[in-house]
Every structure is written in structure tokens, then in C-alpha cells.
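One-letter residues, chain by chain:
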Amino acid sequence: MEPVCLVEPVPSSGALRVNPAALGLLRGLTRPLHVFAVFGPCGTGKSFLMDRLAGQGEGFPRSPGIWVWCLPHPNQPDQALVLLDTEGFPEQEGDETKLSRLFVLNVLLSSVFVYNTRSEGDPQRQLDRLTYVRDLPRVVRVLDECSWENSFLLSSVLPDFVWCLRDVAPDPCLDEVLEATDHELDSTLSSPQDSEDSPSNCIERLFPCRKLFQFCSPRADGGHGKLPAPTDQLHPMFQEQMGRFKDYALSRSPKTMVGNRVVDGAFLADFLERVVDLLSRDEPVLLSELCNDLQMERVVPLQASRPALPVLAKVDPGTAQPGAMEEPMCLIENSPDGELQLNQRALALLQSVRQPVVVVAIAGLYRTGKSYLLNRLAGKDRGGFSLGSTIQSHTKGIWMWCLPHPRRAGQTLVLLDTEGLGDVEKGNVKNDAWIFTLAVLLSSTLVYNSLGTIDQCALEKLHYVTELTEHIKMKAAGRGGQQEGEDSAEFVRFFPAFVWAVRDFTLQLELDGREITEDEYLENALKPREGQPEKLDLPKKYLRQYFPSRKCFVFDRPAPRRDLARLDELPEAALSPDFLEPAQRFCSHIHQHTGTKTLPGGHVVTGTLLGNLAVTYVDAIRSGAVPCMESAVLALAQIENSAAVGEAVAVYEEQLERRAALPTESVQELLEVHAQCEREALRAFMARAFKDDEQQYQRHLKDKLDSKRTELCRRNEQASSDRCTAALRELSQELEERVREGSYSVPGGYQRFLADQREMVEKYQRVPGKGIMAAEVLQEFLKSKETVAQAILQTDQSLTDRQREIEVERARAEAAEREAQLSQEMQAKTEQLLQDQERSHEEHVRQLTAKMEEDRRQLLAEQERALALKLQAAEVLQEFLKSKETVAQAVLQTDQSLTDRQREIEAERARAEAAEREAQLSQEMQAKTEQLLQDQTRSHQEHVQQLTAKMEQDRKQLLAEQERALALKLQEQERLLRKGFRGEAARLEQQMQNLRQEMNRPRRSVCVVC
């Protein structure tokens, strides 16, 4: 698996939030766990260290919160390895509360706690930066009644403390000393002048096992700065030091809790949830009590300790849909202490729905038939949401039912039945307001259900709508958003369509002697009334303002009063036709006109996103904060964009598995396969990602895809090399056999050896599918045979010295020619890689531009809808003003102090003011739209610049790597040439010595006879 975010800070409140998806992964680990957590300052290479511990090139992202990576234990097959990577704390003071909580979580969750720092100045000062250790005895206790000896008790349950001191100058002697003392930290801990509560003393007092491991720079050149890439060579001493650290870490015992109980993933997940909840409420963590409670819950029968699993709908396997349910289940419930909490099983089921969701929530007073109406929407005559037949409220919390949408394939209908409002038996009056708020925030259509008529009494019971601004914020503080008097158009972008269902309606739909529609009935009820106190008009005002899309349905009583107690048992024929007809229209309207749930900007919400939204809102309510829509969307974007990166990488790997057949015959062929896979991966990312305004996640994806390309090239070269080596090994068997038998150690043997070798090379050239390493592997093979060829050449008595010299020169020239050919191929490969980088850059820019254009269209459409709704509200206000205008005109006409001309002027002024208001409204909306479009354009241009800069940087790095490789090749050629020159010089020197000896030899006298 890839690393996932386990715990992240909530932007709106600073509290911590647990990622349910990560909890699900933990709960799947049934084996004992080895948990390693790393903590330390920013920029010290914590993630790099964890990646090495995992044996992976690059895994952990550099992101806020705590990230988890679950892996098989490399040495213990029956145990699991869990790595926790935490965001670094800054040089200057940061959010100390958040960092202290993250530190406590790391200590409590781990079996080995790693504190990672650089060696800068006095090492003692680096250790004393861990000031958060002072909070441990205050925040964490073993026994509540023994706080005075808590430090002693804590030392029996806390993990090993390992200080990793990085970038220390290489010193083999120091490494030997540490090895001799078993890496004990005590010799470097607190000096006598340290105070009792110094971090050094706290570490010595609290942690039973304390170790120190020192590391030199991991870079091969020993330099500092940027960490090596996954494919770079590491410093030999760093590799040796890393090996000692891994041996120690992987040899430790599994994670245990109080009472030396070995824990599995399910226990650790439950423990984490409880601790995060306690820390968020600033309550102490009582370890013994907490562990005992968790242990008791695990031995209690499942039906008594956990909600029953949801019953999934039995459908044909070919049309199975994640999340389809035969019956509803509670999604948000009230805890025993009266706070709202999420049912984790229902949440997991909702998050398994990857389709777009259409969310219909119903709210209203208790005992008004809400559940029955939702069952009609679900198309269920029996079963479904539970109905009550007494005066008591039956539904508690918010219940959920996920069903395939009856009219739209590929979408899921999510029905939310909320607890009845105004229940006199409730102890917490705030509960109703939060339930109504959550119904508004989670739905795409909100149905308000009431009895009788829409009168002043009914409107007053809907006072929750007037409190929405108290329970919902649009923008986070400090982000340019106004906290008071926020523009209602901003709320409109988030809020659902509104449908008022009036039940047991017995009046005639007539007004002023004419028949009116249900919608006209609602609009007339929402009109402001002359002389009405403003306070009484507030529900009308806010309904018009926040829910400009409104619809009304009126229903007669579905059956006689005596049959209402068994309403869900009555057949369709027993129901009143005056109920069935509007019920059918109501269901048809909801199914046809309720759109998918969307976020501002038009991003479609899936079940996964809806579940994360519910987590964000409930967490904010539990922490005492007001849910902030902007913060929720940003938090959602982080989660979804991280998942989008993971999904895109998975798509790339899946496409590669289908398309790639290694080895390829050319680099270009391989890069074309990579380009096709990258294009599909980018499509998957763009389809899922949203609000990646700084393009942080797209850049992260590009880095991952670049690494995948590098790995693909390496695999392709290895596959080609293996195939070529196997082919040469098979083809050279006969040649090797003849060499061993001495077949070439005869006069003329050298020429026969060359002929056989050429024949073998020709056969090798005809072997298909060798790949891009064919020439290089052949060159290495022939180079390895040069010694044999030289030996055969020297023993061939049929050749003169001059012929041997010619053969040596010929062999050297052929080798040089092959080396030159390899250099040309390497240069061509470099050019192809650079061209592919440019293509990748252009593809990223092209798809980003297309997404930006789509976002622009969605934004314009959204702003047009908001403008239309504003104008619609303005028309209502204008109609009201016109109704007042008649009175004003009557007063104006009866005002004897004014002349006719003055009356005309007053009338013109009133019309001008109305026109000016409309024009000003249009200008404001237009300016807002233009500003948003300008921000999008600026963001796009900035991202293109960043991508271009990164491409240039990658180009320079690639060129530098190729230049280094070429330089090594040239050095090898120079070495061979020098070796050849030295051999030639030695031969010539021998010839000169022979010639001198010949010249100095005494000669015989010769008699000449004339």
C-alpha cells in the first residue's frame, strides 16, 4: 500500500482529526505490530530515513499531520511493520498545542520513537529542542490516583527512545565507540547544571531505553543540502550506519500496552480514536482505564458492543453497487454524554460509494410523518425507515439509506432521515439546531415536513433557518472572508434546494377568488406583510434569501385516522387518492430535478467525499467550533487530492501492465508507452482532484510519474541485458568449447577464431527481441574475450610479428568503433529523454489548461445561477416595493402641498432608485465573477511557469548525469588506449634493444680474392 494520512489538523479549529480510511487499513492488520514513529524539526530528512527503513525509494509525502505506512515485517513473517511519519516542527515557534498533541500521539502509538535532528553546533542544544517531552507527565497518566509517581509508572509503558543525529562528519572511531557502548545515549545526556525539567532530564526519567545513532551525509560526495534521489548512489559509511540502525529497529519487540498486552491493528485504531478525542478536549489520557475499557469492549459479544452490520441489497453480481443497502442505518448519533458522533460502520459504507450522490434530507417537527415520505421516495411499501405510532419521537440522530438512483444510472440516491425537531423529551436544546444544520450542509435537496398549513405558527416553528448564520461560517478567519454579515449569495452556493411538504392539508388552494398552485401558495406565505414586526418576518426573509430555489407540495391525510398506526402495512389501494396523486408528483420531482451534490466550483461529490464532509462537520461541532464551509472544502480537497495522486499512479501502473512488453527495441518505443500511460494517469487525476490551486498535488504526481519513468527505463535495460546475456551465453558455447579443447592453438588458429567469433556475432545480430542493450552487452562480451584472442594471436606460429601488430591494431580499431557507436546511442537516448520531458510538460500544461477551462465554465455557470437567484430575490422585493408604490402614489396624489410637476419628479426618482439598485447588483456580481476568473488565470500561469522551471531543472540534471556517464566512458577509452600505447612502447623498446645487441655483436673478417 501507499502511505495515507492517519491524523491531520482541522484547519477551522486546530483540533486533530483521524482519517477513517486509514483506520480501516489499521483494523485490517490482525498480526502483532512493530510501530516506528519519527518526530523532529523540519528539513532534517525524517521521511528519507523512514523510506530507507521501509526499503523503498520514495514513499512518504512531505505533508501535514501524521502519515502511516503498513508493510509486512521483513524479518518476522507473522508480524506487521507500521511506520508513522509526522510533520516537522519549525525553527521558530509554531502551533505549540498542535505539535504537543502530535508528539504525544507518536509516543503513545509507537514501540520505537525516533527523534531525528541534524548535527548543527552543540548536539545537546538539538536534544533540548524537544520541549514537548515536558508535557508527557501532565497529559498522560497510567493511574489516576497515583499522579505523584506517574513518571515512574510511565517509564514502564513508554517506547524505546532513539535519537538519530544526522549529517555528522564521518568518524569511524566514533562509530566504533558507539558500537562498543551498544549505542547508549546516557553519556551524551544531561550535564549537572541541567534543571530538573530540562528535556534531557525528562527523557532520562521517562524513557526506559535510550539509544543514539549517528549518520554521516547520505550523499555519495559527502556534501550537504538536497537529499539523494531514490536512484542515486549513497555514501558507503551512511549505508553501513543505516544497516546498524535497521538491525536494531527491526529486532525490537512488538508494540504492547499497559499490562504488557501485545496489540493488533484493531486495538491500535480504537486506542488512537480515544486518545485523539481526549486530546482535542484537553482531557488527560488515563492509560490503564483506557486500555481496560478497550479490552472489555473486545471481549463483549459483537451484538452488544457494536452496531449490527448493514444489510446490503441483494442484486445481480453484474450490477452490484458499493453501498446499496436493503435497510437504513444510523449515520450520526448522540453519544451517552449528549454529543453528536459518527457511526463508523455506516461511515465506512458511505465512503465505499465511489459514484456521484444525490442527497435528499428531510427535516421537520417530530411525529409529522417524515420517515413515511422518505420510504415513498425509496419506492418501498414495507420496511425502510422505521415509523412510530405514538406521541414519542421515533428517529434519533440522522439515519441514512443508500440506493441506486431510480432514474440515473451510475448515481446513488442517499436519503437522510433526521431526528424530529421540537421533541419535549430532549435534554439538549442545541441538538435540534445542529441536526437541522447538518441536514442543510449534507443535502442537495432539503425537504421540510410540516402539518396543517403554512401560517405564522408554522413559520415560527421553522426558526432554525434564522439561526443558520450562527451555526455556519462561509470563510475561515484571516482568509479575506467577512465573519459577520456574509453575503447570502455565498450561502446560496452551498445550500440545497428547498421543498416544503405540507401534510394533512385540508384547505382549498384559492387566493382572492382564483385558484393558485402549490408554489404560489408558498410564495404568498413568504411575502413580507405590511405593518408586521421585523422579528416575525425573519423566517420568511431567510427562507427567501438562503433558499431561492423553492418548491411546495400539499398532501391530504393518507388514510383514515384509525389506520394511521399501521400505515406501513396498508396496501396502495387502501390509501387516499388525494394523498397518492401529490405523493407521486413529489417523488417524480425529487427524482427528476434533484441534482447531484456539488461543492463550490461545480465539483461533484461522491459517497467518499460526502462521508469526509460529515466527518469534518461533526468534528467541528464536537470541538465547540462553528462549521466553516471554506475550511471543510479545503480539508476535503487535501484528502481527495492525495487520493487522486494515488489513484493516478495506480492507473499508470495498470495501463503499463497492459501496454508494456519489455524489453522494447528502442527507447522511443518505451517512451511512447510511458506517454500513453501518463496521459491516462493525468486524466484520472484531473477527474478527481479539485481546488489544487497551487498545483502542489499535480507537481507531486509529476515527480512520481518521473520516478516511474526512470524505473521503467531501468527495468527495460535490465530485461534487455538479461535477454542479450542469455543469447550470447547460448551462442558462444561452441566457441568456448573449442577454446578449452585448444582447437585454435595451431598455425592459422587465430584467423579461424576470428571467423568463428564473427559468425557467432552475426547469429547474435539475427536474434529477435534483444532490446536496447544489444550493442552494449555485445561490446562487454567481446571485451571480456580480448585476453583469449590475444593469447591465441601470440601462439599462432603462422603469423609474422608484423602481421600480429596489424591484427592488434585492427582489434583496437574495432573496439574503438564499437565504443563510438555506444556513445552515439547514449547521446541519442539523452535527446529522446529530453524530448519526452518536453512532451510530458506539454501534456501536463494541456490537461491543466483543459481543466481550468472546465472550472471557468462551471464558475461562470455558478455565478450566473447566483445572479439569477439574486435577481429573482430582487424581483420579489421589487414587487413588494411596487405594492407599496400604489400606497405611496395615493399619498403623493393626496398631498396638496405638491404641484403636478413635483409629483412627476418624485415618481421618476422612485423609478430611478429601483433601476439603480438593479444595476448595482449586476455590477457587483460581474465584478466578483471577473475577479474569480482573474485569480484562476493567474494560478494557471503561475503553475505553467513552475512546471517549466521544473522541466528545465530536470533537463539540467539529466544532461549532467549523461555527461558524467559519457566522461566515465571516455576515461575507460583513454585507459584502454594508454594500455595499448604502453604495450606498443614496450614492444618497440624490445625491438630497439635487439637491434643494439645486433649492432654491438663482433663481426668476422672476410677475405676477398681478386
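Here the structure is a predicted model, which means the values were calculated and not measured. (Residues numbered from 1 in each chain as written. Predicted model: local features only at pLDDT ≥ 70, side-chain atom pairs only at ≥ 80, totals over all residues. Heavy atoms only, no water.)

The next subject is the overall build of the chain. For the chain, the count of helices and strands is 31 helices and 24 strands. Buried positions account for 47% of the 1010 residues belonging to the chain. In the chain, the share of contacts with a sequence separation of at least 24, taken over all contacts with a separation of at least 6, comes to 75%. Within the structure as shown, the chain displays about 49800 Å² of accessible surface, and the carbon and sulfur contribution to it stands at 51%. (Helix = DSSP H or I, 4+ residues; strand = E, 2+ residues; numbered from the N terminus. Buried < 20%, exposed > 50% of the residue type's maximum accessible area, 1.4 Å probe, protein only. Contact = heavy atoms within 4.5 Å. Areas by Shrake-Rupley, 256 points an atom, 1.4 Å probe, with all protein chains shown as cover.)

A word on the nonpolar core. Core analysis: the biggest nonpolar cluster contains 102 residues, and M400, L415, F495, W500 and F586 have the highest contact counts within it. A total of nine residues in this core trace back to one element, the largest contributor, which is helix α15 (residues 430-442). Not counting residues within four places of it along the chain, the set of residues in contact with W500 comprises Y448, S450, I454, A458, L459, L462, L522, L543, K551, C552 and F553. If you look at the next biggest cluster of nonpolar residues, it comprises 67 residues, including V7, L23, A80 and F113. (Core = buried A, V, L, I, M, F, W, Y, C linked by side-chain atoms within 4.5 Å.)

All right, on to unusual backbone geometry then. Here the bond from L662 into P663 is cis, since omega is 0°, no more than 30 degrees from zero. Within the secondary structure, P663 is located in the loop between α23 (629-659) and α24 (667-688). The phi dihedral of H183 is positive, around 60°, even though this residue is not glycine. Counting through the fold element by element, H183 comes out in the loop between α7 (172-180) and α8 (199-206).

Looking now at the environment of D247. Relative to the helices and strands, D247 is located in helix α9 (residues 236-250). Overall, D247 belongs to the exposed group, its relative accessible area being 58%. With 172 residues separating them along the chain, D247 and N75 place their C-alpha atoms 9.9 Å apart.

Bringing the packing of aromatic side chains into the picture now. Inspection of every chain in the model, using the stated rule, returns 29 aromatic pairs. Centre to centre, the rings of F113 and F161 are 5.9 Å apart; their planes meet at 35°, and the pair counts as tilted. Here F113 is found in strand β6 (residues 112-118), whereas its partner F161 is found in strand β8 (residues 160-166), with 48 residues between them in sequence. Note on F498 and F547: the rings are 5.3 Å apart at their centroids and 40° apart in plane angle, and the pair reads as tilted. Of this pair, F498 sits in strand β19 (residues 497-503) while F547 sits in the loop between α20 (534-546) and β22 (550-554), and the two are 49 residues apart along the sequence. (Phe/Tyr/Trp six-rings, centres within 6.5 Å; stacked < 30°, edge-to-face > 60°.)

Moving on: the packing of α7 against α9. Relative orientation of the contacting elements α7 and α9 amounts to 5°, with a least axis distance of 12 Å. In terms of their interaxial angle, α7 and α9 are classed as roughly parallel. Where α7 abuts α9, its residues P172, D175 and E179 lie against M237, Q241 and R244. (Axes fitted to C-alpha atoms, helices over the stretch in contact; angles between N-to-C directions. Parallel < 35°, antiparallel > 145°, perpendicular 65-115°, else oblique.)

Quick look at the sheet that holds strand β15 (residues 357-364) now. Read across the open sheet, the eight strands follow the order β14-β13-β16-β17-β15-β18-β19-β22; overall the sheet is mixed. Since the sheet does not close on itself, it has two edges, and those belong to β14 (340-342) and β22, each with one partner. This sheet shows a mean twist of 20° between the axes of neighbouring strands, independent of strand direction. As paired strands, strand β13 (residues 329-334) and strand β16 (residues 398-404) are joined by three bridges and run antiparallel to one another. Within the sheet, the bridge partner assigned to M329 lies in β16 and is M400. On top of the sheet, helix α22 (residues 607-622) reaches β13, β14, β15 and β17 (412-418); it is set at about 150° to β14, its chief contact. (Pairing = 2+ DSSP bridges.)

Looking now at the pattern of salt bridges. By the definition in use, this model includes 32 salt bridges. E240 is paired through a salt bridge with R244; the nearest N and O atoms lie 3.2 Å apart. With E240 and R244 both in helix α9 and four residues apart, the pair spans about one turn of that helix. When the shortest N-O distance is used, the salt bridge between E680 and R683 registers 2.5 Å. One end of the pair is E680 and the other is R683, both in helix α24 and three residues apart, which spans about a single turn. Owing to a relative accessible area of 41%, R683 belongs among the partly exposed residues under this scheme. Here the salt bridges do not stand alone but share partners, grouping R354, E640, E647 and R688 into one network. (Salt bridge = Lys/Arg side-chain N within 4 Å of Asp/Glu carboxyl O.)

Looking now at helix α27 (residues 749-766). With 18 residues, α27 should reach 26 Å at 1.5 Å per residue; the first-to-last C-alpha distance of 26 Å fits that figure. Listing the buried residues of α27 in full gives G749, Y750, F753, L754, D756, Q757, M760, V761 and Y764. One face of α27 carries all of its buried residues, which in axial projection span an arc of 165°. (Expected span 1.5 Å × (residues − 1). Arc of directions from axis to C-beta.)

Secondary-structure assignment places E339 in the loop between β13 and β14. On a C-alpha basis, the gap between E339 and N431 in space is 8.3 Å, while along the polypeptide they are 92 residues apart. Apart from residues lying up to four places away in sequence, E339 is in contact with E333, N334 and R622.

A separate point is the pairing of β15. Looking down a regular strand, the side chains alternate between one sheet face and the other. The buried fraction of β15 amounts to eight of the eight residues, a majority that puts the element mostly inside the structure. The side-chain alternation of β15 yields two buried faces, one formed by V357, V359, A361 and A363 and the other by V358, V360, I362 and G364. As defined by bridge partners, β15 adjoins β17 across six bridges and the pair is classed as parallel. Residue pairing for β17: V357 is matched across the bridge by T412. Bridge count between β15 and strand β18 (residues 445-451): five bridges; the pairing is parallel. Note that in β18 the partner of I362 across the bridge is V447.

Here we come to the sheet that holds strand β1 (residues 4-9). Overall, mixed pairing links the eight strands, which are arranged β2-β1-β4-β5-β3-β6-β8-β9 in an open sheet. Whereas interior strands pair on both sides, the edge strands pair on one side only; in this sheet they are β2 (16-18) and β9 (210-214). Each strand of the sheet is rotated relative to its neighbour by a mean of 20°, with strand direction disregarded. Of the strand pairs in this sheet, strand β3 (residues 33-39) and strand β5 (residues 80-86) are connected by six bridges, and their pairing is parallel. Considered in β5, the bridge of V35 is made with V82. Sheet strands touched by helix α2 (residues 46-54): β3, β4 (66-72), β5, β6 and β8. Its angle to β5, the strand with the most contacts, is close to 170°. Against the sheet, α9 contacts β3, β5, β6, β8 and β9, and its axis sits at roughly 155° relative to β9.

Here we come to the confidence of the model for the chain. Predicted confidence across the chain gives a mean pLDDT of 77, with 71% of residues reaching 70 or more. Predicted confidence is poor over residues 388-394, with pLDDT under 50, and the contacts of this stretch with residues over four places away or in other chains come to 17 contacts. (pLDDT = per-residue confidence, 0-100.)

All right, on to the side chain of K370 then. The residue K370 is located in helix α14 (residues 370-378) in this model. When residues no more than four places from it in sequence are discounted, the contact partners of K370 are I362, A363, G364, L365, D417, T418, G420, N449 and R503.

As a further point, take the environment of I332. Looking at where I332 falls in the secondary structure, it is placed in strand β13. Judged by its relative accessible area of 0%, I332 is buried. When the C-alpha atoms of I332 and L347 are compared, they prove to be 8.9 Å apart, with 15 residues separating the residues in sequence. In this structure I332 touches L340, Q341, L342, K396, G397, I398, L438, L442 and V618, once residues within four positions along its chain are discounted.

Another point: the packing of helix α3 (residues 96-109) against helix α10 (residues 265-280). One can describe the packing of α3 onto α10 by two numbers: an axis separation of 11 Å at closest approach and a directional angle of 155°. One element, α3, and the other, α10, form an angle in the roughly antiparallel class. The two elements α3 and α10 cross, and the hand of that crossing is right-handed. Across the interface between the two elements, R101, V104, L105, L108 and L109 from α3 touch L268, F271, L272, V275, V276, L279 and S280 from α10. Of the residues in the contact of α3 with α10, the class split is 10 nonpolar, one polar and one charged. (Left-handed = near helix turned anticlockwise from the far one by under 90°. Nonpolar A, V, L, I, M, F, W, Y, C, P; charged D, E, K, R; others polar.)

Among the six residues that make up β1, five are buried, leaving the element largely enclosed by the rest of the structure. Of the strand pairs in this sheet, β1 and β4 are connected by three bridges, and their pairing is antiparallel. Paired with V4 across the two strands is V68, which belongs to β4. Two elements, β1 and β2, share three bridges in a ladder whose sense is antiparallel. Note on β2: the bridge partner recorded for P9 is L16.

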